[in-house]
Amino acid sequence: VWLLAVGAGRAQESPPTEYQLKAAFLLNFAKFIEWPPTAFADATKPIVLGILGENPFGDVLKRTIQDKTINNRPLEVREFLAAAEPTNCHILFIGTSEKARLPEILANLRGASVLTVGEMDHFTESGGMINFVRQGNKIRFQINEVAAKKVGLKISSKLLSLAAR
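Residues numbered from 1 in each chain as written. Predicted model: local features only at pLDDT ≥ 70, side-chain atom pairs only at ≥ 80, totals over all residues. Heavy atoms only, no water.

**So, the environment of A107**
Next, step 1: Counting through the fold element by element, A107 comes out in helix α4 (residues 102-109).
Next, step 2: The sequence separation of A107 and Q135 amounts to 28 residues, and the corresponding C-alpha distance is 29 Å. (Helix = DSSP H or I, 4+ residues; strand = E, 2+ residues; numbered from the N terminus.)

Quick look at the structure:
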């Protein structure tokens, strides 16, 4: 009986999956970004986390943000299929399925106060703002602060200090 209890306890303590971690990062990014007032139609509008392309999160991102608020704003997840659609979100995760269309996507977002997040090689060098990278067995992120400033986003110094170099 003791062996079964120990085994069951370990099964429940499994480490979070890659996309559970990335969903938690996205939630926390929203806490450390300041959008210009024009990014929201009014004070009650939600912070929209968009996903462009194939959704690697499944329902993990929706579960992660469920019933949470940031600065008295609810959070909402929307999925986008076309590169021109996501100008009406605040954080846009661009899936690896969109790598070939990245220049077009970033061009369509030019001037919009949308924090772009990806997980592909050369994402920040291409104009993306935050890129997930693996360092050993850890998930870290790189930040392109210049790209964020160009569209009026202010990234907290706390978040900048956590970025991979």
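**A closer look at the nonpolar core**
Next, step 1: Counting residues in each nonpolar core, the largest one holds 37 residues, and the members touching the most others are L26, F29, L61, L115 and V117.
Next, step 2: The greatest single-element share of this core, amounting to six residues, is contributed by helix α2 (residues 18-31).
Next, step 3: Apart from the residues within four sequence positions on either side, L61 is in contact with A23, L26, L49, I51 and V77. (Core = buried A, V, L, I, M, F, W, Y, C linked by side-chain atoms within 4.5 Å. Buried < 20%, exposed > 50% of the residue type's maximum accessible area, 1.4 Å probe, protein only. Contact = heavy atoms within 4.5 Å.)

**Things to note about the pairing of strand β6 (residues 115-118)**
Along any regular strand, the residues point their side chains to alternate faces of the sheet.
Next, step 1: Neither face of β6 is left uncovered, since the one carrying L115 and V117 and the one carrying T116 and G118 both have all their residues buried.
Next, step 2: With three bridges connecting them, strand β5 (residues 91-94) and β6 associate as parallel partners. If you follow I91 over to β6, its bridge partner there is L115.
Next, step 3: In this fold, the crossover linking β5 to β6 by way of α4 has right-handed handedness. (Pairing = 2+ DSSP bridges. Right-handed = clockwise from strand over helix to strand, strands pointing away.)

**Structural notes on the confidence of the model for the protein**
Next, step 1: Mean pLDDT over the protein: 90, with 92% of residues reaching 70 or higher.
Next, step 2: Considering only residues more than four positions removed or in separate chains, one finds that residues 1-10, a stretch of pLDDT under 50, has zero contacts. (pLDDT = per-residue confidence, 0-100.)

**Focus on the packing of aromatic side chains**
Next, step 1: Applying the stated criterion to the full structure yields eight aromatic pairs.
Next, step 2: An aromatic cluster is built from F25, F29, F132 and F141, whose rings are joined through pairwise contacts.
Next, step 3: Its end group placed over the ring of F40, R73 keeps NZ or CZ at 3.7 Å from the ring centre. (Phe/Tyr/Trp six-rings, centres within 6.5 Å; stacked < 30°, edge-to-face > 60°. Lys NZ or Arg CZ within 6 Å of the ring centre and 35° of its normal.)

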